Amino acid sequence: MTRFNYTACSINQKEKALNWFKVALIAIPLAISSAASFAQDFPKGPVKIIVPFPPGGPTDTVGRLLAQKLQESWGQTVVLDYKPGAGTTIGVDFVAKSNPDGLTIGMVNSSLAVNPTLRKKLPYDTLKDVAGITQLFNMQLAIVAQPDAPYNNLKELIEYAKKNPGKLNYGTPGAGSTTHLGAELLKREAGFDMQHIAMKGSAPAHTELMGGRLDLVVDPFLSIFPYVQAGRMKLIATMGEKRVAGHDYPTVAETLPGFNVGALLGFIAPAGTPKQVLQKIQTDTNKALASPEVQKRAQEYGLQVVGSRPEQFDAFIGSEMKRWGRIVTEAKIEQE
């Protein structure tokens, strides 16, 4: 009798398992179909792009153009929402804690990869709480001075700084930014000193330079180029491996061989955002990046268009965290 019950029970369990399997075979495709349909219909409401800098900076320049293109593509309002401060931490934290429905996108730069080493108590986990959508651009950085500065190129700047120790200062959009780290590397490799003044974004740094309160500013080329064109700033050198395409400005590497510092600009979303939605945003953003208007602006501002896939951007952020973490540690750079 016991053996019969055991067998009957076993048969019953097998039948239940088979039924569950049949249900799963039906449910899984339905779930995939539903997720795909949701992504295809995305977005069903207004979209916010969180910009972690004040209006007027480099992220604002390209952010507005991309927002316009995405709005045209989606038929929904796309607005820029500025949340500056704490080296982009405030803006990224807002994104990390937002609803993972794709309606909140974050615009980030290399500080996303620097902050985990620089700031010991971040309110979010960079690898766990945000998801990459796409790297938009590689950005060239540049060193600019006041128009009447007593140096016209990097060699003259280094000579002046060595003859006048402690006299020079320089501003960047914030402590721990790629611009800050790039300038600190320049100081180390060239053997001179200048004081860092951390600003809350690019626009305030520009104002202080043109007002005579800063000697130098290190910032993305796209941000300072209009002022250089207008004669309100003097470009000393760019910091990439090669000269900015279409422009004839010298690089740091022409004076210090091997020097190469750049920055990224990308889109992120809250962790947990459906993969299909991330892919939809990336695909539509790529279309915007390929538009003649964006391509033209990218060339003018020395931007290299990237347009990577979400998984590629995640991997790149991980590698950049290791790279910049090592530089922050070796240079003994501390949060200001």
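Quick caveat, the model's predicted, so the values are computed rather than measured.

**Q** Now, about the pattern of salt bridges: what can you tell me, with residues and values included?
**A** Summed over all chains, the structure comprises 15 salt bridges. Between Asp193 and Lys187 there is a salt bridge; the shortest N-O distance is 3.2 Å. You can call Lys187 buried: its relative accessible area is 11%. The residue Glu311 makes a salt bridge to Arg309 at a minimum N-O spacing of 2.7 Å. Each of Glu184, Lys187 and Asp193 takes part in one network of salt bridges that share partners.

**Q** Requested: an account of empty space enclosed by the protein, with residues and values cited.
**A** This structure, assessed with the given rule, holds two cavities of 30 Å³ or more. Taken as a whole, the largest cavity encloses approximately 110 Å³ of empty space. For the largest cavity, the lining is made up of 15 residues, of which Phe53, Asn109, Pro173, Thr179 and Pro220 are closest to its centre. Mapped onto the lining of the largest cavity, the elements with two or more residues apiece are α2 (58-74), β4 (130-145), α7 (178-190), β7 (216-220) and β9 (262-270). For the second largest cavity, the calculated volume is near 40 Å³. Around the second largest cavity, the lining residues are Val62, Leu65, Leu66, Phe137, Val294, Arg297, Ala298 and Leu303. When residues of the lining of the second largest cavity are traced back to their parent elements, those giving at least two are α2 and α11 (292-300). Counted by class, the lining of the second largest cavity contains seven nonpolar, no polar and one charged residues.

**Q** Tell me about the packing of helix α4 (residues 111-118) against helix α12 (residues 310-331), residues and numbers included.
**A** At a minimum axis distance of 8 Å, the contact between α4 and α12 shows a crossing angle of 50°. In terms of their interaxial angle, α4 and α12 are classed as oblique. Classified by chirality, the crossing of α12 by α4 is right-handed. Contacts from Leu112, Ala113, Val114, Pro116, Thr117 and Leu118 in α4 reach Ile317, Glu320, Met321, Trp324, Gly325, Val328 and Thr329 in α12. Looking at the contact of α4 with α12 residue by residue, the class counts come to nine nonpolar, three polar and one charged.

Scoring rules and cut-offs
- Residues numbered from 1 in each chain as written.
- Predicted model: local features only at pLDDT ≥ 70, side-chain atom pairs only at ≥ 80, totals over all residues.
- Heavy atoms only, no water.
- Salt bridge = Lys/Arg side-chain N within 4 Å of Asp/Glu carboxyl O.
- Buried < 20%, exposed > 50% of the residue type's maximum accessible area, 1.4 Å probe, protein only.
- 1 Å grid on protein atoms, 1.4 Å probe; cavity = no way out; pocket = protein on both sides within 12 Å on 5 of 7 lines; lining within 4 Å.
- Points joined across faces, edges and corners; volume = space filled by probe spheres on them.
- Helix = DSSP H or I, 4+ residues; strand = E, 2+ residues; numbered from the N terminus.
- Nonpolar A, V, L, I, M, F, W, Y, C, P; charged D, E, K, R; others polar.
- Axes fitted to C-alpha atoms, helices over the stretch in contact; angles between N-to-C directions.
- Parallel < 35°, antiparallel > 145°, perpendicular 65-115°, else oblique.
- Left-handed = near helix turned anticlockwise from the far one by under 90°.
- Contact = heavy atoms within 4.5 Å.

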